[in-house]
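Chains, contacts and geometry: an overview
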Amino acid sequence: MVILSKIYTRTGDHGSTRLVDNSVTAKSDLRVEAYGLIDQANASIGLAIALDTTTKVLSREVREALGIIQNELFDVGADLANPLVANPKWEPLRTVQESVDRLERWCDEFGDQLPTLRSFILPGGNPVGAQLHVCRTAIRTAERAAWRAAEIYGTETSNDPETTPGGVNELAITYLNRLSDLLFILSRAANKAGEDSSDEVVWVPGGERNPSTQMTNDGQE
């Protein structure tokens, strides 16, 4: 059980914070950036779920999947906040292959119910579908930040964390990659892709749009 008796601690007032292994780092550290963006993405998913309490466009299976994902994203953030070391004193919380495999199964399960894409999709649609597009892009942003952290710290285990910070668990970044794919699929599902009442917004290439609505070279209609 986690007990949080006081929310403010005053320990981060000077631009530093502690990682899971209790080491001190700057709040501008790329690890901190990565798990902070994961927290932001998780909040975006929470909003999508909240929006669906009134719109009711998500199936029970999708809502349950999103609930699992929110918990796992918390795990992924903790993983990225904990440098890899050779012989940890306690078993660390790490992203596991099983979680990545489940995302891939969901991609297949929910994606097989949708029509084949014949154009790119624009972010939008109904409120839940549009918010899931926001979630997708937020996860992509977190993934890029995690890769930047991996470029700095590597993906290897450190034998001496006192002198060499441990690397980043690459499987955690893989999880983010698969999740962004799944969220794209779920945004299509929320927007009822392929149905008569579909809210999905399809990209229309410039040459196929009505020329009368296009801007001239000087920016005037």
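Let me begin by describing the structure that accompanies this report.

What counts and how
Counting restarts for each chain: residues are numbered from 1 in the order of the written sequence. Only residues with pLDDT of 70 or above have their local features reported here, since the model is predicted, and side-chain atom pairs are shown and tallied only from 80 upward, although totals for entire chains, interfaces and linings are computed over all residues. For the side-chain quantities, the full set of heavy atoms in the structure was used; hydrogens and water were omitted. Buried Ala, Val, Leu, Ile, Met, Phe, Trp, Tyr and Cys residues that are joined via side-chain atoms within 4.5 Å together make up what is termed a nonpolar core. Per-residue accessibility, obtained with a 1.4 Å probe over protein chains only, is compared with the maximum for each type, and a residue is labelled buried under 20%, exposed over 50%, and partly exposed between these values. The helix and strand labels rest on DSSP assignments: H or I over at least four residues marks a helix, E over at least two residues marks a strand, and numbering proceeds from the N terminus. Contacts are assigned to residue pairs that have any heavy atoms within 4.5 Å of one another. Only residues above 30% relative accessible area that lack a salt bridge enter a patch, with like-charged residues linked at up to 9 Å and the nonpolar side chains Val, Leu, Ile, Met, Phe, Trp and Tyr linked at up to 5 Å. Using a 1.4 Å probe, the Shrake-Rupley method yields the accessible areas, and only the shown protein chains count as cover for residues. We define a salt bridge as a contact between a side-chain nitrogen of Lys or Arg and a carboxyl oxygen of Asp or Glu at a distance within 4 Å. Aromatic rings from Phe, Tyr and Trp, taking only the six-membered ring of Trp, are treated as a pair when their centres fall within 6.5 Å; an angle between ring planes under 30 degrees marks them as stacked, one over 60 as edge-to-face, and anything in between as tilted. Two conditions define a charge sitting above a ring: the NZ of Lys or the CZ of Arg must be within 6 Å of the ring centre, and it must be within 35 degrees of the ring normal. By this rule the span expected of a helix is its residue count minus one, scaled by 1.5 Å. Counted as a polar contact is a pair of N or O atoms within 3.5 Å, where, for protein atoms, one must be capable of donating a hydrogen and the other of accepting one, and residues adjacent in sequence contribute only when both atoms are in side chains. Axis definition: a line fitted to C-alpha atoms, limited for helices to the stretch in contact. Angles are taken between N-to-C directions and run from 0 to 180 degrees. Convention used here: angles under 35 degrees read as roughly parallel, angles over 145 as roughly antiparallel, angles from 65 to 115 as roughly perpendicular, and any remaining angle as oblique. Throughout, a crossing is termed right-handed when the near helix is turned clockwise from the far one, and left-handed when it is turned anticlockwise from it by less than a right angle. Think of it as three bins: nonpolar holds Ala, Val, Leu, Ile, Met, Phe, Trp, Tyr, Cys and Pro, charged holds Asp, Glu, Lys and Arg, and polar takes everything else, Gly as well.

Considering the nonpolar core
In this structure, L66, I69, L73, L132, L179 and L182 are the most contacted members of the largest nonpolar core, which totals 43 residues. Listing elements by their share of this core, those giving two or more residues are α1 (30-55), α2 (60-80), α3 (97-111), α4 (127-153) and α5 (170-190). Setting aside residues no more than four positions away along its own chain, L179 makes contact with I69, L73, L103 and I139.

Side note on a nonpolar patch on the surface
A cluster of nonpolar side chains, contributed by F120, L122, V201 and W203, occupies part of the molecular surface with about 370 Å² of accessible area. Considering the arrangement of structural elements, one finds F120 in the loop between α3 and β3 (121-122). Owing to a relative accessible area of 63%, F120 belongs among the exposed residues under this scheme.

Some thoughts on the packing of aromatic side chains
Applying the stated criterion across every chain yields a total of one aromatic pair. We note R31 situated over the ring of Y153; from NZ or CZ to the ring centre the distance is 3.9 Å.

Section: α4
Between its first and last C-alpha, α4 extends 39 Å over 27 residues, near the 39 Å set by a 1.5 Å rise per residue. For α4, the capping residue at the N-terminal end is N126, with a side-chain oxygen 3.2 Å from the backbone nitrogen of V128. Looking one or two residues past α4, G154 carries a phi angle of roughly 75°, positive in sign.

Overview of the side chain of R136
Checked against the element boundaries, R136 lands in helix α4. When residues no more than four places from it in sequence are discounted, the contact partners of R136 are P123, S180, L183 and F184.

A word on the pattern of salt bridges
Going through the model one piece at a time under the given rule, you end up with nine salt bridges. Residue D52 pairs with R63 through a salt bridge whose shortest N-O separation is 2.9 Å. Placement of D52 in helix α1 and of R63 in helix α2 is noted, with a sequence separation of eleven residues between them. Residue classification places D52 among the buried positions, given a relative accessible area of 2%. For R63, a relative accessible area of 31% puts it in the partly exposed group. One salt-bridge network, held together by shared partners, links R60, E61 and E64.

What about the packing of α4 against α5?
Packing of α4 against α5 brings their axes to within 8 Å, and their N-to-C directions diverge by 165°. By the angle between their directions, the pair α4 and α5 is classed as roughly antiparallel. Here the hand of the crossing between α4 and α5 comes out left-handed.

Some words on α5
The terminal C-alpha atoms of α5 lie 30 Å apart, and with 21 residues this matches the ideal 30 Å at 1.5 Å per residue to within 8%. Two residues or fewer past α5, K192 is found with a positive phi of approximately 55°.

Observations concerning the environment of A145
Examined against the element boundaries, A145 turns out to sit in helix α4. Note on A145: relative accessible area 0%, which makes it buried. Separated by 109 residues in sequence, A145 and G36 have C-alpha atoms that sit 9.7 Å apart. Residues contacting A145, with those up to four places away along its chain left out, are L30, E33, A34 and L37.

A look at the packing of α1 against α4
As a packed pair, α1 and α4 sit with axes 8 Å apart at the nearest point and diverge in direction by 170°. One element, α1, and the other, α4, form an angle in the roughly antiparallel class. When you trace α1 past α4, the crossing you get is left-handed. Across the contact of α1 with α4, the residue classes tally to 22 nonpolar, four polar and four charged.

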